[in-house]
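# Fold and geometry: a report
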Amino acid sequence: IDAARDHLRRYPASCSARERRERAFDALYDLMEQEFGRRRVQVDAEHRILEDYVFPEMVYNQSKTCCWNSSTSAMHELIMLKAAADVEDHTTQTCNAPLAFYARAGGYADFKAFAASLGRDGEWVAWSADETCPQANAENDLEAEHEWTPWCEVGEQVLNGGPAEPQPVAGDAFEPNDARGNAVAIEAGTLEASGCANDTDYYAIDIAETGDLTLDLSFLHAEADLDLFVFDPQGDKVASSTSTSDRERITHAVTPGTWIIEVEVYGGRVQVDGCAGYTLDVSAP
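Thresholds, definitions, all that
- Residues numbered from 1 in each chain as written.
- Predicted model: local features only at pLDDT ≥ 70, side-chain atom pairs only at ≥ 80, totals over all residues.
- Heavy atoms only, no water.
- Helix = DSSP H or I, 4+ residues; strand = E, 2+ residues; numbered from the N terminus.
- Areas by Shrake-Rupley, 256 points an atom, 1.4 Å probe, with all protein chains shown as cover.
- Lys, Arg positive; Asp, Glu negative; His and termini not counted.
- Charge placed at Lys NZ, Arg CZ, Asp CG, Glu CD.
- Disulfide = S-S within 2.5 Å.
- Buried < 20%, exposed > 50% of the residue type's maximum accessible area, 1.4 Å probe, protein only.
- Salt bridge = Lys/Arg side-chain N within 4 Å of Asp/Glu carboxyl O.
- Axes fitted to C-alpha atoms, helices over the stretch in contact; angles between N-to-C directions.
- Parallel < 35°, antiparallel > 145°, perpendicular 65-115°, else oblique.
- Left-handed = near helix turned anticlockwise from the far one by under 90°.
- Contact = heavy atoms within 4.5 Å.
- Nonpolar A, V, L, I, M, F, W, Y, C, P; charged D, E, K, R; others polar.
- Phe/Tyr/Trp six-rings, centres within 6.5 Å; stacked < 30°, edge-to-face > 60°.
- Lys NZ or Arg CZ within 6 Å of the ring centre and 35° of its normal.
- Pairing = 2+ DSSP bridges.

## Description of the overall build of the chain
Each helix and strand counted, the chain has seven helices and nine strands in total. Summarising its shape, the C-alpha atoms of the chain cover approximately 65 × 40 × 30 Å along the three principal directions. Total accessible area computed for the chain in this model is approximately 13700 Å², and 49% of it derives from carbon and sulfur atoms. Positive and negative charge centroids in the chain, built from 21 and 52 side chains respectively, lie 8 Å apart.

## Describing the state of the cysteines
Considering all chains together, one arrives at four disulfides under this definition. One disulfide in the model links Cys95 with Cys152; its S-S distance is 2.1 Å. The sign of the -85° torsion about the S-S bond sets the Cys95-Cys152 disulfide as left-handed. Placement of the pair is Cys95 in the loop between helix H5 (73-87) and helix H6 (109-117) and Cys152 in helix H7 (residues 151-159), with a sequence separation of 57 residues. The exposure class assigned to Cys95 is partly exposed, which follows from its relative accessible area of 41%. Between the sulfur of Cys196 and that of Cys275 lies a disulfide, 1.8 Å long from S to S. Between Cys196 and Cys275, the disulfide has an S-S torsion of 100° and is therefore right-handed. Taken together, the residues span a long stretch of sequence, with Cys196 in the loop between strand S2 (189-195) and strand S3 (200-207) and Cys275 in the loop between strand S8 (257-270) and strand S9 (276-283) at a distance of 79 residues. Residue Cys275 is classed as partly exposed on the basis of its relative accessible area, which comes to 30%.

## With respect to the pattern of salt bridges
Within this structure, the stated rule accounts for 22 salt bridges. The shortest N-O distance in the salt bridge between Arg120 and Glu77 comes to 3.4 Å. With a gap of 43 residues between them, Arg120 in the loop between H6 and H7 and Glu77 in helix H5 connect regions that are remote in the sequence. A residue is classified by how much of its surface remains accessible, and Arg120, at 17% relative accessible area, is buried. Linked by salt bridges that have partners in common, Asp2, Arg5, Arg21, Glu22, Asp44, Arg48 and Asp52 make up one network.

## Section: the packing of helix H2 (residues 15-36) against helix H3 (residues 40-47)
Across the interface, H2 lies against H3 with an axial gap of 10 Å and an inter-helix angle of 120°. For the element pair H2 / H3, the angle class is oblique. Here H2 and H3 pass one another in a crossing that is right-handed. Contacts between H2 and H3 pair Phe25, Leu28, Tyr29 and Met32 from the former with Arg40, Val43, Asp44, Glu46 and His47 from the latter. Per-class residue counts for the contact of H2 with H3 are five nonpolar, one polar and three charged.

## What to know about unusual backbone geometry
Residue Pro176 is bonded to the preceding Glu175 through a cis peptide linkage, with omega at -5°. Locating Pro176 in the fold gives a position in the loop between H7 and strand S1 (184-186). The backbone of Ala105 sits at a positive phi, close to 50°, despite the residue not being glycine.

## Details of the packing of aromatic side chains
Tallied over the entire structure, the rule returns eleven aromatic pairs. Look at Tyr53 and Trp151: their rings are 5.4 Å apart centre to centre, the planes differ by 70°, and that puts the pair in the edge-to-face class. Here Tyr53, found in helix H4 (residues 50-54), pairs with Trp151, found in helix H7; they are 98 residues apart in sequence, far enough to count as distant. In this structure, Tyr53 and Trp151 share a single accessibility class: buried. Here the aromatic residues Phe55, Trp68, Phe101, Tyr108, Phe111 and Trp124 are joined through ring pairs into a cluster of three or more. The lysine or arginine in question, Arg40, covers the ring of Tyr29, its NZ or CZ lying 4.0 Å from the ring centre.

## So, the sheet that holds strand S6 (residues 237-241)
Within a sheet, each strand pairs with its neighbour through backbone hydrogen bonds, oriented either parallel or antiparallel. Judged by pairing direction, the sheet is mixed, and its five strands sit side by side in the order S1-S3-S8-S5-S6 without closing on themselves. Bordering the open sheet on either side are S1 and S6, each of which pairs with just one other strand. With strand direction ignored, the average angle separating the axes of adjacent strands in the sheet is 25°. As paired strands, strand S5 (residues 224-231) and S8 are joined by seven bridges and run antiparallel to one another. Looking across to S8, one finds that Phe231 is bridged to Ile260.

## Overview of the side chain of His76
By the secondary structure assignment, His76 is in helix H5. In this structure, His76 is in contact with Leu8, Arg9, Pro12, Glu51 and Phe55, ignoring residues within four places of it in sequence.

Here it is, written out as structure tokens:
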């Protein structure tokens, strides 16, 4: 992660460094979850920095920024000065996320204007296609989809050195089941449980025959946004359902072995006092 950040400090347009950083974070998420029971929102608050949000991963073939190899460390400094100004802007009562660095309306006008406001416009290098670039005429770069916690959910903690130590989750009779290593064994059927703030629940189901595993998770989205995931016996995430409705559903072909089911409170936030209840229906071969 640090090596990718260091490369971006020298070449802020680098899309490959952004991708390397995120793949490294994927590995960190898995490690922290499996070994320490740390949830994604906690990892982001502890290990993300403002720069990660300013230089997000991009869809390479739809982003002209990815062809630009001549960006400089001086530009990185200007971009980060603007980011600091963005998040410290208190003219509104809401959180202000930093403006991510990539092309909009065919260029980088906001960043160039900020450099000029500091009298440093001469340090802003014009975009150039420094490698083969079929997407050179893209008007707006495309930011990749992220599984990280949005800035406005962890920003204050990031700027203040990370979150307070998480409090134990009250939850339900299945607790503690906050890491894959202490997943609660279940069988096919229906269970009633609850998702609390900063909560992730894991369930283990032993599959004896090849067939379909069907999961139906129902809850009230107004209380919490719950997401549903499945991990195979090797520990790989193989299926997910992450809508914004009151229901998540997965049907996935399974083979004999122990499969893990994850129910995650998206962003670690519930909209009600206490915990948000949910029902999980499990059908297995």
